[in-house]
Amino acid sequence: MAKAKRKFVCQQCGTVASRWQGQCEDCGEWNSIVEEAAETVFSSRHDLQNGGRAITLVGLDSTVELPPRTSTGIAEFDRALGGGIVHGSATLIGGDPGIGKSTLLLQAAARIAARGLSVAYISGEEAADQVRLRAQRLGLGNAPVQLASATSVRDILTTLGDGPPPALLIIDSIQTMHSDLIEGAPGTVSQVRASSQELIKFAKQRGTALILVGHVTKDGSIAGPRVLEHMVDTVLAFEGERSHQYRILRAVKNRFGGTDEIGVFAMVAEGLEEVANPSALFLTNRDETVTGATVFPALEGTRPVLVEIQALVVRLSSGATPRRAVVGWDSGRLAMILAVLEARCGLSFSTCEVYLNVAGGYRLTDPAADLAVAAALISAMSERPVPVDIVLFGEVALSSEIRPVSHSPLRLREAAKLGFARAYIPASAADGVKGIAVSGFRTLAQLVDQMLGRG
């Protein structure tokens, strides 16, 4: 028998090192490397080309039935999952502390259990009485959900294995689980990996839908080894600021559906409430025209969401260093838009402070927001408000060309449905829809001339 080697594992990224060191060479974290027990390695000289069992190979054209799904009773949750929870699947949901992960799962568990399905909620962070008190505050005290407070994976699987398997098993959270098959404290890379593997194995064998709650790191990514995200079928990210009312459930990975859908919720006294019309959440009162404010129809999956972009330009005295502040958008793209406006359109922001904000705490990643941001900056600089019945979208190139973006008709239909009458869009995509008049622009300079009344 070979002697077991010592190994040191980074608790942030899972990198294995042969000796201890203060900083991980891969992720750069300090004091995150911990010694863990290594498995004994046996040398093998067997020929792997013989002795195995033959596997069945099938063609891509074989008929495949869609996996059965169970609705959570929460339409926005089902939307993010791709239509509901798949039997025998493993789902990982992460988010900041206090964002509403446990609240959402408790509401979903109560609705599923109310339909006569067996649901087990295992809490490793709170006692069963604490979960029961939260359920009573949410008005779910009579829901037939089976609660338990445990951290031993062996105890959990032994209990669940005695009778019929539950239709849904919720583990809150995976960082508190402990497997006695290996050494290490709960929350370490080896424990998270081993505990998840045993729970996922149980879910696949017994047909139980498994939902794991994961902690997040300071940069917002799910804590623990990256292999955990590869082990599960679906990864959901719960986003939003605790100071804001809205919450967004976004699919990061989904083996049974797309990753382009989101669910939108609002935090109220009774828990998380579905938002059927997200645009109403991110648009402020627009009865009066305000300089530096534009409306952009963002697209999240197949759902358009109208958000308001706000800009403020402050002229400084000579010699002062201007500041650039961005909330909800990429600061690099703001610098690019400012450079294009200055180099191609003749507007100077070198002596001005620029502040940009996406209303409601929404975070934009869509490059189609370039045109709306540019219009907000032009409006703030010239102190000429954009009419309240106009929406804008389009990608701005470094040559000041306004490039077309995807799903223009879908964005326009949503804007028309909410009462907007006009749209400024790229000239190459100027095919309008019923109820809204479109104006196409080939370059950003043309938009500047339109807004400033030039020629």
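The name an unreviewed UniProt entry assigns to the chain is DNA repair protein RadA, from the organism Sphingobium limneticum. In its Sequence similarities (unreviewed entry) section, UniProt records this for the chain: "Belongs to the RecA family. RadA subfamily."

J.: Would you mind going over the overall build of the chain in detail, with residue names and values included?
T.: A count of helical and extended segments in the chain gives 11 helices and 23 strands. Here the C-alpha coordinates of the chain stretch approximately 85 × 55 × 50 Å along the principal axes. With 455 residues in all, the chain has 46% of them scored as buried. Across the chain, the fraction of contacts at a sequence separation of at least 24, relative to all contacts at a separation of at least 6, is 66%. If you sum the accessible surface of the chain, you get close to 22,800 Å²; carbon and sulfur atoms cover 50% of it.

J.: Tell me about the domain arrangement of the chain, and name the residues and values.
T.: Domain boundaries in the chain define domain 1 (7-40), domain 2 (69-276) and domain 3 (281-452). Domain 1 and domain 3 are separated by 46 Å when their C-alpha centres are compared.

J.: Would you mind going over the UniProt feature "domain: RecA family profile" (unreviewed entry) in the chain in detail, with residue names and values included?
T.: As annotated in UniProt, the feature "domain: RecA family profile" (unreviewed entry) corresponds to residues 66-216 in the numbering used here. For residues 66-216, the helix share is 38%, the strand share is 20%, and the end-to-end C-alpha distance is 32 Å.

J.: An account of the sheet that holds strand 2 (residues 16-17) is needed here, citing residue identities and associated values.
T.: Strand order across the open sheet formed by three strands is 2-1-3, with antiparallel pairing between neighbours. Taken across any chain shown, the strands that pair with only one partner, and hence form the sheet edges, are strand 2 and strand 3 (33-36). Where strand 1 (residues 7-10) and strand 2 come together, two bridges link them in antiparallel fashion. If you follow Phe-8 over to strand 2, its bridge partner there is Ala-17.

J.: Quick one: what's the story with the nonpolar core, residue by residue and with numbers?
T.: Membership of the largest hydrophobic core comes to 66 residues, with the highest contact counts inside it found for Phe-296, Leu-341, Leu-364 and Leu-377. At 10 residues, the largest contribution of residues to this core is made by helix 9 (residues 370-382). When residues of this core are assigned to domains, at least three fall in each of domain 2 (69-276) and domain 3 (281-452).

J.: Summarise the pairing of strand 7 (residues 119-123); cite the residues concerned and give the values.
T.: The buried fraction of strand 7 amounts to five of the five residues, a majority that puts the element mostly inside the structure. Residues of strand 7 alternate between two faces, with Val-119, Tyr-121 and Ser-123 on one and Ala-120 and Ile-122 on the opposite face, all of them buried. Strand direction decides the pairing type here: strand 7 and strand 9 (residues 168-172), joined by five bridges, are parallel. Residue Ser-123 lies in a different strand from strand 9, and its bridge partner there is Asp-172. Inspection of the sheet shows strand 7 paired to strand 8 (residues 146-149) by four bridges, in the parallel sense. Along strand 8, the bridge assignment pairs Tyr-121 with Leu-147. At this point the chain moves from strand 7, through helix 3 (residues 128-137), to the parallel strand 8, and the crossover so formed is right-handed.

J.: Give me the lowdown on the pattern of salt bridges, citing residues and values where you can.
T.: Close approach of charged atoms allows side chains with opposite charge to pair. Enumeration over the complete set of coordinates arrives at 10 salt bridges. Its salt-bridge partner being Arg-132, residue Asp-129 comes within 2.5 Å of it at the nearest N-O pair. Here Arg-132 and Asp-129 lie together in helix 3, a separation of three residues that amounts to about one turn. Each of the salt bridges in this network shares a partner with another, and the network as a whole consists of Lys-204, Asp-233 and Arg-255.

J.: Explain the packing of helix 8 (residues 331-345) against helix 9 to me, and be specific about the residues and the numbers.
T.: Where helix 8 meets helix 9, the closest approach of the two axes is 10 Å, and the angle between their N-to-C directions is 60 degrees. When the axes of helix 8 and helix 9 are compared, the pair comes out oblique. Seen from above, helix 8 lies across helix 9 with right-handed handedness. Each of Arg-333, Leu-334, Met-336, Ile-337, Leu-338 and Leu-341 in helix 8 lies in contact with helix 9, whose residues at this interface are Asp-370, Val-373, Ala-374, Leu-377 and Ile-378. Looking at side-chain class alone, the contact of helix 8 with helix 9 contains nine nonpolar, no polar and two charged residues.

J.: Can you break down the packing of helix 8 against helix 11 (residues 444-452) residue by residue, with the values?
T.: The geometry of helix 8 relative to helix 11 is characterised by a closest axis approach of 10 Å and an angle of 80 degrees between their N-to-C directions. Judged by the inter-axis angle, helix 8 sits roughly perpendicular to helix 11. Residue-level contacts link Val-340, Leu-341, Arg-344 and Cys-345 of helix 8 to Leu-444, Ala-445 and Val-448 of helix 11. Here the contact of helix 8 with helix 11 is built from residues that sort into six nonpolar, no polar and one charged.

J.: Talk me through the UniProt feature "binding site: ATP" (unreviewed entry) in the chain; I want residue IDs and the actual numbers.
T.: In this structure's numbering, the residues bearing the UniProt feature "binding site: ATP" (unreviewed entry) are Gly-95, Asp-96, Pro-97, Gly-98, Ile-99, Gly-100, Lys-101 and Ser-102. Inspection of the secondary structure assignment puts Gly-100 in the loop between strand 6 (90-95) and helix 2 (101-114). As for its placement among the helices and strands, Lys-101 is situated in helix 2. On the accessibility criterion, Lys-101 (10% relative accessible area) is buried. Those residues within four positions of Lys-101 in sequence are excluded, and the remaining contacts are Ile-93, Gly-94, Gly-95, Asp-96, Val-213, Gly-214 and Phe-238. For Lys-101, the side chain forms a polar contact with the main-chain oxygen of Asp-96, separated by 3.2 Å.

J.: So, the sheet that holds strand 14 (residues 271-274): which residues are in play, and what are the values?
T.: The nine strands lie next to each other as 8-7-9-10-6-11-12-13-14, forming an open sheet whose pairing is mixed. Because the sheet does not close on itself, it has two edges, and the strands there are strand 8 and strand 14. Strand-to-strand twist in this sheet, taken as the mean axis angle between neighbours without regard to direction, amounts to 25 degrees. Across five bridges, strand 9 lies against strand 10 (residues 209-214) in parallel orientation. Across the sheet, Leu-168 pairs through a bridge with Ala-209, a residue of strand 10. Where helix 3 meets the sheet, it contacts strand 7 and strand 8, and its direction lies at approximately 140 degrees from that of strand 8. Against the sheet, helix 5 (residues 189-206) makes contact with strand 6, strand 9 and strand 10, and its axis sits at roughly 160 degrees relative to strand 10, the strand it touches most.

Conventions and cut-offs
Residues numbered from 1 in each chain as written. Predicted model: local features only at pLDDT ≥ 70, side-chain atom pairs only at ≥ 80, totals over all residues. Heavy atoms only, no water. UniProt positions renumbered as here; feature names shortened; annotations may be inferred. Helix = DSSP H or I, 4+ residues; strand = E, 2+ residues; numbered from the N terminus. Buried < 20%, exposed > 50% of the residue type's maximum accessible area, 1.4 Å probe, protein only. Contact = heavy atoms within 4.5 Å. Areas by Shrake-Rupley, 256 points an atom, 1.4 Å probe, with all protein chains shown as cover. Domains from an automatic or database assignment. Pairing = 2+ DSSP bridges. Core = buried A, V, L, I, M, F, W, Y, C linked by side-chain atoms within 4.5 Å. Right-handed = clockwise from strand over helix to strand, strands pointing away. Salt bridge = Lys/Arg side-chain N within 4 Å of Asp/Glu carboxyl O. Axes fitted to C-alpha atoms, helices over the stretch in contact; angles between N-to-C directions. Parallel < 35°, antiparallel > 145°, perpendicular 65-115°, else oblique. Left-handed = near helix turned anticlockwise from the far one by under 90°. Nonpolar A, V, L, I, M, F, W, Y, C, P; charged D, E, K, R; others polar. Polar contact = N/O pair within 3.5 Å; in protein donor to acceptor, adjacent residues only side chain to side chain.

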